[in-house]
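Observations on chain architecture
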Amino acid sequence: MLAEVSEAQEEDISPLYGPYTDIILKKLLKIFPSNWSGRPQGQSCSAALTHMLGYIERNCRNDIDIEELASVSNMSERSIYNAFSKAFATTPKCYIKQLKLHKLREDLIQGKCRNVTEIALDYGFSHLGRFSSDYRKAFGELPSETLRMAG
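Residues numbered from 1 in each chain as written. Predicted model: local features only at pLDDT ≥ 70, side-chain atom pairs only at ≥ 80, totals over all residues. Heavy atoms only, no water.

**Points about the layout of surface pockets**
Condition: Two kinds of site are reported from a 1 Å grid over the protein atoms alone, namely cavities, where a 1.4 Å probe fits but cannot get out, and pockets, open sets with protein on both sides within 12 Å along at least five of seven lines, and residues are called lining when an atom falls within 4 Å of a point. Grid points are joined across faces, edges and corners, and a volume is the space filled by probe spheres set on the points. Helix and strand assignments come from DSSP, with helices taken as H or I runs of at least 4 residues and strands as E runs of at least 2, each series counted from the N terminus. When residue character is reported, Ala, Val, Leu, Ile, Met, Phe, Trp, Tyr, Cys and Pro are called nonpolar, Asp, Glu, Lys and Arg charged, and the others, Gly included, polar.
When its volume is computed, the largest pocket comes out at roughly 510 Å³. Forming the walls of the largest pocket are 21 residues, and the residues nearest its centre are Asp63, Lys93, Ile96, Lys97 and Lys100. Secondary-structure elements contributing two or more residues to the lining of the largest pocket are α4 (66-73), α6 (92-109) and α8 (128-139). A per-element tally of the lining of the largest pocket places α6 first, with 6 residues. Here the lining of the largest pocket is composed, by residue class, of 10 nonpolar, 4 polar and 7 charged.

Okay, here's the thing in structure tokens:
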């Protein structure tokens, strides 16, 4: 098929040659054993993103800002925003907030706190009304209801 396309003299076929070559080569590399990963080359930041996610997980109770993530990952702030957008369709700040909410919920369910205010402040939520609203949006119930059901 590639030979036929390359031998064709029509100008309107030549733009198709490159994409067809890529498709066939990728298919062959997937079918036959090789060391090709199949990931696009643009994902070189995935190791840095993985490192960053581990850092966020370990330090989830702290306030983590974009400058701190840039320092930890050796990535520019713009690259970090792009990586989070591509991987999670959100911003780093929203990702961290959602992770905090999920970890906080786990702590509530496991009974690792005395009251909602204590655990909210431990995770850096200083505006309790906004925290409660965000929690309800995420889980469909108030944090006090989660605590009550757990204990």
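There's plenty left to go through after this.
**Overview of the packing of aromatic side chains**
Inclusion rule: In summary, the pairing rule links any two rings of Phe, Tyr or Trp, Trp by its six-membered ring, whose centres are within 6.5 Å, and it sorts them by plane angle into stacked for under 30 degrees, edge-to-face for over 60 and tilted for everything else. Each residue gets one of three labels from its accessible area relative to the maximum for its type: buried under 20%, exposed over 50%, partly exposed in between, using a 1.4 Å probe on protein chains only.
Applying the stated criterion across every chain yields a total of 6 aromatic pairs. An angle of 35° between the planes, with centres 4.8 Å apart, marks the rings of Phe88 and Tyr95 as tilted. The exposure class of Phe88 is partly exposed, given its relative accessible area of 34%. The class of Tyr95 is buried, set by a relative accessible area of 19%. Seen in terms of ring centroids, Tyr135 and Phe139 are 4.8 Å apart; in terms of plane orientation they differ by 55°. Their pairing is tilted. Of the two residues, Tyr135 and Phe139 are both situated in helix α8; the distance of 4 residues between them amounts to about one turn of the helix. Tyr135 gets classed as buried once you look at its relative accessible area, which sits at 0%. Put simply, the rings of Phe125, Phe131, Tyr135 and Phe139 pair up and form one aromatic cluster.

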